[in-house]
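Residues per chain are reported as follows:
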Amino acid sequence: VRNEMNSIEIGDSLLLRRIREGDICNAWIDALNDKNHMKWSRQRHLSHSMASIQKYLKELGNSNGTMFGIFYKKSKQTLVGTITVRPAANYRILGFLVFPEYSGLGLLKNSLPKFMEVFFLQDEKIDGFYIGTHKGNIPMQKVAEKSSFSAFEFEKLPEELSSLMQNSGPYVHYLKKR
């Protein structure tokens with residue numbers, strides 16, 4: 001992600017901007033520690049804290065990844081979720097977290113298309129985006145499908161993506177190509 005892409009306005013109510021350490025809040029920590037909310041994530045097995053999020057953000061930056069916060073502008077730019085972007089050759093792997101009290105409001109459905117459009121404009125080398133999720137995570141599958149992602153069998157993923165992942169567990173793989 002190039003440095004000039006720091007924030008994206010999504011209509012009148014949402015702002016996506018790069019996460020800063022000062023954005024870490026109790027709602028974020030609580031969401032990560034909510035076993036029910038995180039039931040489809042490997043993160044559910046970990047105990048999260050301010051320090052663990054700081055460490056994750058540092059590691060993400062060291063691997064050329066980045067994280068954007070989803071901010072609800074109508075409530076003084078309250079952080080309501082995150083979008084993580086990791087490079088994988090000419091693809092970007094996306095990860096999402098919407099805090100429990102904001103789940104089901106269409107925040108990803110409303111912000112993801114514009115987010116990807118800006119990414120494509122910023123970096124001509126990006127061939128597409130990847131989302132992987134557990135087969136039981138129906139809400140995430142709906143977000144992917146409503147955002148024009150196509151489901152792929154693991155064996156049919158581009159080599160540069162499949163070589164980075166294991167085909168273990170009951171997962172669904174989605175791609176959105178340029």
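See the structure above.
The present account deals with the structure reproduced in this document. The residue count restarts for each chain, going from 1 along the sequence in the order it is written. At least 70 in pLDDT is required for a residue's local features to be given in this predicted model, at least 80 for side-chain atom pairs to be given and counted, and no such filter applies to totals for whole chains, interfaces and linings, which use all residues. To obtain the side-chain values, all non-hydrogen atoms of the structure were used and water was disregarded.

It is worth spelling out helix 1 (residues 26-33) at this point. Each residue is assigned to one of three classes by its accessible area relative to the maximum for its type, calculated with a 1.4 Å probe on protein chains only: buried under 20%, partly exposed between the two thresholds, exposed over 50%. Segments assigned H or I by DSSP are reported as helices when at least four residues long, segments assigned E as strands when at least two residues long, and all are numbered from the N terminus. Taken residue by residue, helix 1 has Trp28, Ile29, Ala31 and Leu32 as its buried positions. The buried side chains of helix 1 occupy one side of the element, clustering within an arc of 160° when seen end-on. Facing away from the buried side of helix 1 by over 90 degrees, the exposed positions are Asn26 and Asp30. Contacts from the buried residues of helix 1 go to helix 2 (50-62), strand 3 (66-72), strand 4 (78-88) and strand 5 (91-98). The directions considered for the arc are those from the helix axis to the C-beta atoms. What makes two residues a contact is simply this: any of their non-hydrogen atoms within 4.5 Å.

Another aspect to go through is the sheet that holds strand 8 (residues 171-177). DSSP calls a pair of strands paired once it identifies at least 2 bridges connecting them. Strand order in the open sheet formed by 8 strands is 1-2-3-4-5-6-8-7, and the pairing between neighbours is mixed. A single partner strand is all that each edge strand has here, and the edge strands are strand 1 (7-10) and strand 7 (150-152). Between one strand axis and the next, the sheet turns by 25° as a mean value, whatever way the strands run. The pairing of strand 7 with strand 8 spans 3 bridges and is antiparallel. Each residue of the ladder has a partner; that of serine 150, found in strand 8, is leucine 175. Each axis is a line fitted through C-alpha atoms, taken for helices only over the stretch in contact, and angles between the N-to-C directions span 0 to 180 degrees. Strand contacts of helix 2: strand 3 and strand 4, with the helix running at about 35° to strand 4, the strand carrying the most contacts. Its contacts with the sheet put helix 4 (residues 138-146) on strand 5, strand 6 (128-134) and strand 8, and the angle it makes with strand 6 is roughly 160°.

Quick look at the pairing of strand 3 now. In terms of burial, strand 3 is largely enclosed, as 6 of its 7 residues are buried. Note that strand 3 and strand 4 share 7 bridges and pair antiparallel. In the sheet register, threonine 66 faces strand 4, and the bridge partner there is valine 85. Between the antiparallel neighbours strand 3 and strand 4 lie 5 residues, among them lysine 76 with a positive phi of about 55°.

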